[in-house]
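# Report on the structure
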Amino acid sequence: MSMSMVVWTNCNERIVNMSISRLFAIIKKEFIQIKRDKPSLVISIIMPLFMLFLFGYAISTEVDHIPMAVFDQSKTQESRGFIDAYKNSLYFNPEYYVNTIDELNILLDTGKVKAGLIIPPDFSQYKNKMTNVLLKIDGSDPTTARTALSSGIMVVQYFSNKNTEEELSKKGMHIPDIGIDLSTKVEYNPDLNTLTFTIPGLLGLVMQNITIILTAFALVREKEKGTMEQLIVTPIKSVELMIGKLIPYILIGYTDFLMVLALSIYWFRVPVSGSIFLLLLLGFDFIICALAIGMLISTAAKTQTQAMQGAFMVLLPTIILSGFIFPREQMPYVIRAISDIIPLTYFLDILRGIIIKGVNANLLLNQIIIMTSMGFALLLIAVLRFRKRLD
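Owing to the predicted nature of the structure, the values given are computational and were not obtained by experimental measurement.

Quick look at the overall build of the protein chain now. Looking only at helices and strands, one finds 15 helices and four strands in the protein chain. Among the 391 residues that make up the protein chain, the fraction classed as buried is 42%. Put simply, the protein chain shows about 21,800 Å² of open surface, and 62% of that area lies on carbon and sulfur atoms.

Pairing is mixed across the open sheet formed by four strands, whose spatial order is β2-β1-β3-β4. Looking at strand neighbours, the two that pair on one side only are β2 (92-97) and β4 (134-137), the edges of this open sheet. Here the strands of the sheet are splayed against their neighbours by 30° on average, with no regard to which way each runs. Here strand β1 (residues 66-72) runs beside strand β3 (residues 115-119); their pairing, made up of five bridges, is parallel. Opposite V70, over in β3, you have L117 as the bridge partner. Strands in contact with helix α5 (residues 101-110) are β1, β2, β3 and β4; relative to β3, the strand with the most contacts, it is inclined by about 165°.

Moving on, we come to a nonpolar patch on the surface. A surface patch of nonpolar side chains, about 530 Å² in accessible area, is lined by Y333, V334, I335, I338 and I341. Within the element layout of this structure, I338 appears in helix α13 (residues 333-339). Here I338 falls in the partly exposed class, since its relative accessible area comes to 40%.

What follows is about the side chain of Q208. Among the secondary structure elements, Q208 is positioned in helix α7 (residues 194-216). On the accessibility criterion, Q208 (2% relative accessible area) is buried. Reaching out from Q208, the side chain makes a polar contact with the side chain of N209 at a distance of 3.2 Å. Ignoring anything within four residues of it in the chain, the contact list for Q208 reads F286, A290, L315, T318 and L344.

For the pair α7 and helix α11 (residues 276-300), the least separation of the axes is 7 Å and the interaxial angle reads 35°. Considering the relative orientation of α7 and α11, their crossing is right-handed. Note on element contacts: α11 touches α7 through F286, I287, A290, L291, I293, G294, M295, I297 and S298, opposite G204, Q208, T211, I212, T215 and A216. Within the contact of α7 with α11, the residues separate by chemical class into nine nonpolar, six polar and no charged.

A separate point is the pattern of salt bridges. Taken as a whole and assessed by the stated rule, the structure comprises two salt bridges. In this structure, the salt-bridge partner of D138 is K114, at a minimum N-O distance of 3.6 Å. Taken together, the residues span a long stretch of sequence, with D138 in the loop between β4 and α6 (142-170) and K114 in the loop between α5 and β3 at a distance of 24 residues. Taking relative accessible area as the criterion, D138 reaches 16% and is therefore assigned buried. Given the relative accessible area of 25%, K114 is considered partly exposed. Residues R328 and D340 are paired through a salt bridge, measuring 2.3 Å at the closest nitrogen-oxygen approach. Note that R328 is positioned in the loop between α12 (304-321) and α13 and D340 in the loop between α13 and α14 (343-357), a separation of 12 residues in sequence. Here D340 falls in the partly exposed class, since its relative accessible area comes to 32%.

Attention shifts here to the packing of aromatic side chains. Scanning the model with the defined rule gives six aromatic pairs in all. With a centroid separation of 5.5 Å and an interplanar angle of 80°, the aromatic rings of Y254 and F284 are classed as edge-to-face. With Y254 in helix α10 (residues 238-266) and F284 in helix α11, this pair connects stretches of sequence that are 30 residues apart. Consider the rings of F286 and F347, whose centres lie 4.2 Å apart with planes at 5°: the pair is stacked. Taken together, the residues F286 in helix α11 and F347 in helix α14 connect sequence positions 61 residues apart. Exposure class is identical for F286 and F347. Each is buried. Ring pairing ties together the aromatic residues F82, Y86, F92 and F123, which thus form one cluster.

The rules we used
Residues numbered from 1 in each chain as written. Predicted model: local features only at pLDDT ≥ 70, side-chain atom pairs only at ≥ 80, totals over all residues. Heavy atoms only, no water. Helix = DSSP H or I, 4+ residues; strand = E, 2+ residues; numbered from the N terminus. Buried < 20%, exposed > 50% of the residue type's maximum accessible area, 1.4 Å probe, protein only. Areas by Shrake-Rupley, 256 points an atom, 1.4 Å probe, with all protein chains shown as cover. Pairing = 2+ DSSP bridges. Axes fitted to C-alpha atoms, helices over the stretch in contact; angles between N-to-C directions. Contact = heavy atoms within 4.5 Å. Patch = residues over 30% accessible without salt bridge, like charges linked within 9 Å, V, L, I, M, F, W, Y side chains within 5 Å. Salt bridge = Lys/Arg side-chain N within 4 Å of Asp/Glu carboxyl O. Polar contact = N/O pair within 3.5 Å; in protein donor to acceptor, adjacent residues only side chain to side chain. Left-handed = near helix turned anticlockwise from the far one by under 90°. Nonpolar A, V, L, I, M, F, W, Y, C, P; charged D, E, K, R; others polar. Phe/Tyr/Trp six-rings, centres within 6.5 Å; stacked < 30°, edge-to-face > 60°.

This is the structure in structure tokens:
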């Protein structure tokens, strides 16, 4: 008989030999312990809501109202109209008007502005001859710099084309309708709203963080309080103790999931385009998976400090590698391979697929199978490790 069959047989025997009365006794004990630990109970309810509000408003990939300094050497109606074009684009906010280039450079150096517009003295002649305008951009933040660069070029093209059309119209002429006409259509998120992309990811991230942190302390607390030895000498089996400790946190975690989901829909106005039932079902699946990670950390740690360190060692990489912020397609192959073993990677695909795209389970079958398999494997490993600890 193979090793895997032996492990599977042993696990089946433990589950079959479980006592329902002992299991309920452990569940009751855990609920009493949670009730007495009021700070942890409050954190388990408030923390997910706080994290969603904090990250929901703080994390944004949209860049607008870029602070800009203006050195207008022309000071004419044309130059003021040009500045208004930048302001009306909503990408720039001309906050400072300076009288020298040195003043503009100081504002860029100190970071008070991210862009500087320098308009030459002969700007009003732009209709008759080529006029050079300089847009200086602070490149220390590439994301802001790329937006400032592309938006700055767009404003100049719009302003130039608009005035060219007006001049030709005054002369009774028009621009011929030739060339390429590009039509565009944005699917799933036509307004390109950042919250529509961010909130589903936050839903998974917040639930992972709170459930792992809660369960990472579940067994360690027993060890530090000295009650683990008392549990060892009782008839309670390891699998009964493990499941009995998990069930209360499953209920707390799923309650948190429902609250955060409701907040996402009714406060942040991110509707669920797909099946809400499928989302609730797979959300429960992921909570089991995250709780298994926390329980595995708890079986390995000897103190609450070690449990906290282990939890953060798991949580920090998942934020970066799961695709929550940075697209996985742009990661090197080795890093992407590491992200493939993170359950949150697949749950984010599920969340964004159901909430944003409205896809069904058939198109998410691969992610569902992998995430469920990971949860089962992690839970099995945690049970086996815990059994060895009791022995």
